[in-house]
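Structural features, examined
The lines below spell out each chain.
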Amino acid sequence: MLPWRRNKFVLVEDEAKCKAKSLSPGLAYTSLLSSFLRSCPDLLPDWPLERLGRVFRSRRQKVELNKEDPTYTVWYLGNAVTLHAKGDGCTDDAVGKIWARCGPGGGTKMKLTLGPHGIRMQPCERGAPGGSGGRRPAHAYLLPRITYCTADGRHPRVFAWVYRHQARHKAVVLRCHAAR
């Protein structure tokens, strides 16, 4: 996707901080309306004037576009085959297998990026830039193929997701991936 087509917004200014609309430098709509109603008390409605003041308030909000997707440094623990694609507890058995295989201190150090298209993982650079011998490819997990994401409650700080991998002859394999 092109960088100017991304739709990531961060609210910068609240509606209450906006200035009131004015007719001239010393005259605002609200002051004009209040002086008019004070001069004609018969026109005063039964409901308070605060509701009428909302009509003249601006509804525009300023936003700031984020430059990049959020990136986290994680330890990728691995993946395991699972039979359940969705629902509470669908990753429990698979994360248990992954945790038993790698242990609390194992895993590969990776950079995990969460974006509008899904999850992207690439290996962390070792040493000086260009100093690593072979360059390992990045892994992209597309959003339409991710069926479930969760933070595992039984293991400390483990993020798990179920991904539909396409095998040979269009066969689908569900794999649970885990990172901490």
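Look up: the structure comes first, before these words.
These numbers come from a predicted model, not from an experiment.

1. With respect to unusual backbone geometry
- Unlike most non-glycine residues, H169 shows phi in positive territory, near 55°.
- Assignment of secondary structure puts H169 in the loop between β10 (158–166) and β11 (172–179).
- Despite not being glycine, K170 has its phi angle at roughly 60°, a positive value.
- Examined against the element boundaries, K170 turns out to sit in the loop between β10 and β11.

2. Details of the nonpolar core
- Counting 11 residues, the largest nonpolar core consists of V74, Y76, M110, L112, I119, M121, Y141, I146, W161, Y163 and A179.
- Elements with a minimum of two residues in this core: β5 (71–81), β6 (108–115), β7 (118–123) and β10.
- Beyond its immediate sequence surroundings of up to four residues, I146 is in contact with I119, Y141, W161, V162 and Y163.
- By size, the runner-up hydrophobic cluster in this structure holds 10 residues, among which are A94, V95, W99 and V158.

3. Focus: the packing of aromatic side chains
- All chains considered together, the criterion is met by three aromatic pairs.
- Ring centres of Y141 and W161 lie 5.4 Å apart, and the angle between their planes is 70°; on these two criteria the pair is classed as edge-to-face. Of the two residues, Y141 is situated in strand β8 (residues 139–142) and W161 in strand β10; the sequence distance between them amounts to 20 residues.
- Residue classification places W161 among the buried positions, given a relative accessible area of 0%.
- Counting every residue linked through ring pairs, the aromatic cluster contains Y141, F159, W161 and Y163.

4. A word on the sheet that holds β7
- Ordered in space as β8-β7-β6-β5-β11-β10-β9, the seven strands form an open sheet in which the pairing is antiparallel. This sheet does not close on itself; its edge strands, each paired only once, are β8 and β9 (146–152). Strand-to-strand twist of the sheet, defined as the mean angle between neighbouring strand axes without regard to direction, takes the value 35°.
- Of the strand pairs in this sheet, β5 and β11 are connected by five bridges, and their pairing is antiparallel. Pairing of G78 across the sheet is with A178, part of β11.
- This element, helix α3 (residues 92–102), spans β5, β9, β10 and β11 of the sheet and lies at about 105° to β5.

Thresholds, definitions, all that
Within each chain, residue numbers correspond to sequence positions counted from 1 in written order. Totals for whole chains, interfaces and linings use all residues, but because this is a predicted model, local features are given only for residues with pLDDT of at least 70 and pairs of side-chain atoms are given and counted only at 80 or more. Excluding hydrogens and water, the side-chain values take into account all heavy atoms of the structure. Helix numbering and strand numbering both begin at the N terminus, where a helix is a DSSP run of H or I of at least 4 residues and a strand a DSSP run of E of at least 2. Nonpolar cores were defined as sets of buried Ala, Val, Leu, Ile, Met, Phe, Trp, Tyr and Cys residues, with membership established by side-chain atoms within 4.5 Å. For the exposure calls, accessible area comes from a 1.4 Å probe over protein chains only, and a residue counts as buried if that area is under 20% of its type's maximum, exposed if over 50%, partly exposed in between. Only heavy atoms enter the contact rule, under which two residues are in contact if any of them lie within 4.5 Å. Any pair of Phe, Tyr and Trp rings, taking the six-membered ring for Trp, is counted once the centres come within 6.5 Å. Such a pair is stacked with planes under 30 degrees apart, edge-to-face with planes over 60 apart, and tilted for the rest. We treat two strands as partners when DSSP finds at least two bridges between them. Between the N-to-C directions of two axes lies an angle of 0 to 180 degrees, each axis being a line fitted to C-alpha atoms and, for a helix, fitted only over the stretch in contact.

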